[in-house]
Amino acid sequence: METANIVEAENIPEIEQELLEVVNQHRLSLGQNSLEFSSVAYLLANEHTDYMMTVGSLNHDNFSKRASTISTEVDAEFVAENVAKDYLNASEAFSGWLTSSSHKKTMEGEFTHTAVSVKRNEEGNLFYTQIFFR
């Protein structure tokens, strides 16, 4: 798909912030570090959320490119991401990720930084991308 066709939707900062907080609270409850916000990851998460909304499906397309960009820009050694759609709010998205072993493993992984992008498409459905790295 041509990136020129991708529509940029507005972020929903309230849900993004709430999801960051809920993931960090969960990590702290397990004795892990809380994750610091990364503006580099946020930019890439936003681009991917817009991409998923444009193609109309959840995916990890071009993940290696996102990971490579983060590795280059902030010297990250490991990058992962969770994606979701159609959850009505942050706690629903978190619960969905918590019940999926691969998403749970990512949220609880050895990471230091994160960013989450949440956007609503024209039909009113929410799309989520959270990138983690260390």
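Above this text you will find the structure in question.
Residues numbered from 1 in each chain as written. Predicted model: local features only at pLDDT ≥ 70, side-chain atom pairs only at ≥ 80, totals over all residues. Heavy atoms only, no water.

Draft legend 1. Spotlight on the environment of R134. With respect to the helices, strands and loops of the structure, R134 is situated in the segment after β4 (126-133). Its relative accessible area of 31% is what places R134 among the partly exposed residues. C-alpha separation for the pair R134 and M52, spaced 82 residues apart in sequence, amounts to 24 Å. Residue contacts for R134: discarding those within four places in its chain leaves A76, E77, F78, E110, F111 and T112. (Helix = DSSP H or I, 4+ residues; strand = E, 2+ residues; numbered from the N terminus. Buried < 20%, exposed > 50% of the residue type's maximum accessible area, 1.4 Å probe, protein only. Contact = heavy atoms within 4.5 Å.)

Draft legend 2. A look at the nonpolar core. If you look at the biggest cluster of nonpolar residues, it comprises 20 residues, and the most contacted ones within it are I15, L19, V23, V118 and Y128. If you list the elements that add at least two residues to this core, you get α1 (13-29), β2 (79-85), α4 (90-98), β3 (113-120) and β4. The leading source of residues in this core is α1, at 5 residues. Excluding its chain neighbours within four sequence positions, the residues that come into contact with L19 are A90, A93, F94, W97, V116, Y128 and Q130. (Core = buried A, V, L, I, M, F, W, Y, C linked by side-chain atoms within 4.5 Å.)

Draft legend 3. Structural detail: the packing of helix α2 (residues 39-55) against helix α3 (residues 63-74). α3 packs onto α2 with a crossing angle of 165 degrees between their chain directions and a minimal axis gap of 10 Å. It follows that α2 is roughly antiparallel to α3 by the angle criterion. As α2 packs across α3, the resulting crossing turns out to be right-handed. Taking contact as the criterion, the partners of V40, A41, L44 and H48 in α2 are, on α3, R66, T69, I70, E73 and V74. For the contact of α2 with α3, the class distribution of residues is 5 nonpolar, 2 polar and 2 charged. (Axes fitted to C-alpha atoms, helices over the stretch in contact; angles between N-to-C directions. Parallel < 35°, antiparallel > 145°, perpendicular 65-115°, else oblique. Left-handed = near helix turned anticlockwise from the far one by under 90°. Nonpolar A, V, L, I, M, F, W, Y, C, P; charged D, E, K, R; others polar.)

Draft legend 4. Geometry of the packing of aromatic side chains. If you walk through the whole model with that rule in mind, you get 4 aromatic pairs. Taking 5.8 Å as the distance between ring centres and 15 degrees as the angle between the ring planes, the aromatic pair formed by F78 and F111 counts as stacked. In this pair, F78 is assigned in the loop between α3 and β2 and F111 in the loop between α5 (101-107) and β3, connecting sequence segments 33 residues apart. For F78, a relative accessible area of 39% translates into the label partly exposed. Exposure remark for F111: the relative accessible area of 5% places this residue in the buried category. Taking the centre distance of 6.4 Å and the plane angle of 70 degrees together, the rings of Y87 and Y128 count as edge-to-face. One end of the pair, Y87, is in the loop between β2 and α4; the other, Y128, is in strand β4, with 41 residues separating them in the sequence. Take Y128: its relative accessible area is 0%, and that puts it in the buried class. A network of ring pairs unites the aromatic residues F78, F111 and F132 as a single cluster. (Phe/Tyr/Trp six-rings, centres within 6.5 Å; stacked < 30°, edge-to-face > 60°.)

Draft legend 5. The layout of surface pockets, seen in detail. Approximately 190 Å³ is the volume found for the second largest pocket. Lining of the second largest pocket is provided by V7, A9, D50, M53, T54, R120, N121, E122 and E123. With 3 residues, the single largest contributor to the lining of the second largest pocket is α2. In the lining of the second largest pocket, the residues fall into 3 nonpolar, 2 polar and 4 charged. (1 Å grid on protein atoms, 1.4 Å probe; cavity = no way out; pocket = protein on both sides within 12 Å on 5 of 7 lines; lining within 4 Å. Points joined across faces, edges and corners; volume = space filled by probe spheres on them.)

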